[in-house]
Amino acid sequence: MSDIAVIGLGAMGTALAEAFLEKGHAVTVWNRSAAKSELVAAKGAIVARNVEEAVRSSPLIVACLLVYDTVHEVLGPAGDALSGRTLVNLTNGTPEQARAMSVWVAQCGADYIDGGIMAVPPMIGGQNALIFYSGSKQAFDGHAGRLDALGTSKYLGEDAGLAPLYDISLLAGMYGLFAGVLQALALTGKAGISAGEFMPLLTSWLQAMQGGLPKWAQQIDSGDHTANVVSNLGMQADAYVNLVDASKAADVSTELVLPMQNLMRRGVAAGMANADLSSLVGLLSKQGS
Ligand code: FVH
C-alpha cells in the first residue's frame, strides 16, 4: 500500500509526485507513456502496471491529466476500484465538468475533491503554489496534511465547481493582462523599440494600475460605481479610440482590443459615461441572460 497514487505524469503530475515523495510519502504512479514513470521511479515511486492497480494502491488518488475527457477515459474502467477512496482531480476544467465528475465519483462509492492549481510545475512544493480545493469537506480535512505537501491549500466549500470557478476566473485576469501586454509590445515593436527597453515601463505601469482594483471591488459589491471616480468611462471610451486607430495605422491587429471598445461603447450608450470602468462588469453579467 502507498499513501497516495498519482495518475498522470505530465509536467504537472511529475511535479506533484515528486513533491509528495520529498515529504516522505509512499507514492504509486501511473502514466500512459511508461518512460515518464521511470523518471519518478528513480526518485522512489512505485510504478503501477495499470490504472486499477494504481487506484487500489492508495486511499488518496490524485489525478492530473490533460482535460476532463482524459480523466473519464483513464479512470472510467477503474470506477469500481475507487470505492471507499478519495479522488482529488487537479485537471483544469469547468465548474460544470467538476460537478458532473463529483456525481460519477459518488456513484463509484468514493469521495471527490476538485482542485485548481495556481502555479507552474517548478513552484509545486513551495508556499507560493496556491491550490484551490472544493468538494467533500470531510475528505479534504482527512487528507489536508498530505495535500499541503504541494503548496498552500485553500478549501473553498462543498460545491465541487468552486475550485475550477476560482481557477478560471484568476486565469481570465491573467489572460486579459497578457492580451494587453501583447498589444503594447506589438505597437512598440513596430516602432523599433525593443521589448527589453519597453518592458520595465510596462511592468511598473501595470503594478501602479493594480492599485485601483480594491476600489473596484468596493464599487462592484456596493453597486455604486460613481463615488470617487477619477477616470470616468466616457473619457476612457474616447481615449480608447486612439489606441485602436494607432494600432490600425501601425498595421497592428486590433483583434485583441476591439472587444473592449465594443463593451465601453455599450456602457456609454447605457448611460454610464460618468461611472467608473468597474460598471462594465454588470454588462458582462447580463450577456446571454
Ligand atoms: N503545466 C502548467 O503550467 C499548468 C499549471 C496549472 C495546471 N495545469 C493543468 O494541469 C493539467 C496537466 O498539465 P500538464 O502540464 O501536466 O500537461 P502535459 O505535460 O501535457 O501532460 C498531460 C498528461 O495527460 C496525459 N494524457 C493526455 N491524453 C491522454 C490520454 N488520451 N490517455 C491517457 N493519458 C493522457 C499525458 O500522458 P502522456 O502523454 O505522458 O502519455 C500526461 O500525463 C492540465 O489540465 C493543465 O491545464 C498545468
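Note: the structure precedes this text.
K.L.:
Hey, could you go over the overall build of the protein for me, with residue numbers and the actual values?
P.N.:
Along the protein, the regular secondary structure elements total twelve helices and eight strands. Its C-alpha atoms put the protein at 65 × 45 × 30 Å along the principal axes. Classification of the 289 residues of the protein by burial places 42% in the buried group. Expressed as a percentage of contacts within the protein between residues at least 6 apart in sequence, the contacts between residues at least 24 apart total 61%. Accessible surface, the protein: about 14,900 Å² in total, of which carbon and sulfur atoms supply 57%.

K.L.:
Pulling in residues and values, what's your account of the pattern of salt bridges?
P.N.:
Applying the stated criterion across every chain yields a total of six salt bridges. Linking R49 and E53 is a salt bridge whose minimum nitrogen-to-oxygen distance equals 2.7 Å. What makes R49 exposed here is its relative accessible area of 72%. Residue classification places E53 among the partly exposed positions, given a relative accessible area of 28%.

K.L.:
I'd like a rundown of the side chain of Q219, residues and numbers included.
P.N.:
One can find Q219 in helix α9 (residues 213-222). The exposure class assigned to Q219 is buried, which follows from its relative accessible area of 3%. Sequence-distant contacts of Q219, defined by excluding residues within four places in its chain, comprise D224, H225, A227, D276 and S278.

K.L.:
An account of the nonpolar core is needed here, citing residue identities and associated values.
P.N.:
Burial of nonpolar side chains together is a common tendency in soluble globular proteins. If you look at the biggest cluster of nonpolar residues, it comprises 32 residues, and the most contacted ones within it are L16, F20, L90, I124, Y133 and L150. For this core, the elements supplying multiple residues, two or more each, are β1 (4-7), α1 (11-22), β2 (27-30), β4 (60-63), β6 (111-118), β7 (130-135) and α6 (137-147). If one sorts the elements of this core by residue count, α1 sits on top with seven residues. Sequence-distant contacts of I124, defined by excluding residues within four places in its chain, comprise M12, A15, L16, A19, I117, A119, A129 and L150. Within the second largest apolar cluster, 26 residues are counted, among which are I7, V71, V74 and L75.

K.L.:
How would you sum up the site of the ligand? Please name residues and give values.
P.N.:
By nearness alone, 22 residues border the ligand, and M12, N31, S33, K36 and L66 come closest of all. At 2.7 Å, a side-chain N or O of N31 approaches an oxygen atom of the ligand. At a separation of 3.4 Å, a nitrogen atom of the ligand approaches a polar side-chain atom of E73. If the ligand stood free it would expose 900 Å²; the protein chains cover 75% of that surface. Listing elements by their share of the shell around the ligand, those giving two or more residues are α1 and α4 (68-75). Class assignment for the residues of the shell around the ligand results in eleven nonpolar, eight polar and three charged.

K.L.:
Can you lay out unusual backbone geometry for me, pointing to particular residues and giving the numbers?
P.N.:
One non-glycine residue with positive phi stands out, namely N228, at about 55 degrees. Tracing the chain through its elements places N228 in the loop between α9 and α10 (233-249). Phi is positive for D251, which is not a glycine, with a value near 60 degrees. The class for D251 is exposed, based on a relative accessible area of 61%.

K.L.:
Which residues make up a nonpolar patch on the surface, and what values do they have?
P.N.:
Taken together, the side chains of Y175, L177 and F178 make up a nonpolar region of the molecular surface, amounting to roughly 310 Å² of accessible area. Within the secondary structure, Y175 is located in helix α7 (residues 162-190). Of the residues examined, Y175 reaches a relative accessible area of 53% and is grouped as exposed.

K.L.:
How would you explain the packing of aromatic side chains if you had to name every residue and give the values?
P.N.:
Under the defined criterion, the tally for this structure stands at four aromatic pairs. Consider the rings of F132 and Y166, whose centres lie 5.4 Å apart with planes at 65 degrees: the pair is edge-to-face. Taken together, the residues F132 in strand β7 and Y166 in helix α7 connect sequence positions 34 residues apart. Residue classification places F132 among the buried residues on the basis of a relative accessible area of 4%. For Y166, a relative accessible area of 39% gives the class partly exposed. On the numbers, 5.4 Å between centres and 40 degrees between planes, the contact of Y133 with F140 is tilted. By the burial criterion, Y133 is buried, and F140 matches it.

Cut-off values and rules
- All chains use their own residue numbering, which begins from 1 and follows the written sequence.
- Thresholds applied to this predicted model are a pLDDT of at least 70 for local features of residues and 80 or more for the giving and counting of side-chain atom pairs; totals over whole chains, interfaces and linings are not thresholded and use all residues.
- The side-chain figures draw on all heavy atoms in the structure; neither hydrogens nor water molecules are used.
- Numbered from the N terminus, helices here are DSSP runs of H or I no shorter than four residues, and strands are runs of E no shorter than two.
- Only protein chains enter the accessibility calculation, which uses a 1.4 Å probe; a residue whose area is less than 20% of its type maximum is buried, one above 50% is exposed, and one in between is partly exposed.
- For this analysis, residues touch if any pair of their heavy atoms sits within 4.5 Å.
- Surface accessibility in these figures is a Shrake-Rupley result with a 1.4 Å probe; residues are shielded only by whichever protein chains are displayed.
- Within this document, salt bridges are pairs made up of a side-chain nitrogen of Lys or Arg and a carboxyl oxygen of Asp or Glu, the two lying within 4 Å of each other.
- Buried residues of nine kinds, namely Ala, Val, Leu, Ile, Met, Phe, Trp, Tyr and Cys, make up a nonpolar core once their side-chain atoms join them within 4.5 Å.
- Note on definitions. A residue lies near a molecule or strand when any single heavy atom of the residue is within 4 Å of it.
- Here a polar contact is taken to be a pair of N or O atoms separated by no more than 3.5 Å, where protein atoms must pair a possible hydrogen donor with a possible acceptor and residues adjacent in sequence count only if both atoms sit in side chains.
- Under the grouping applied here, Gly and all other residues not named as nonpolar or charged are polar, the nonpolar ones being Ala, Val, Leu, Ile, Met, Phe, Trp, Tyr, Cys and Pro and the charged ones Asp, Glu, Lys and Arg.
- Exposure above 30% relative accessible area and no salt bridge define the residues that can form patches, which grow by joining like charges within 9 Å and nonpolar side chains of Val, Leu, Ile, Met, Phe, Trp and Tyr within 5 Å.
- What counts as a ring pair is set by centres within 6.5 Å for rings of Phe, Tyr and Trp (its six-membered ring), and what kind of pair is set by the plane angle: stacked under 30 degrees, edge-to-face over 60, tilted for all other angles.

Honestly, that's just the spatial picture; any functional story needs more than this.
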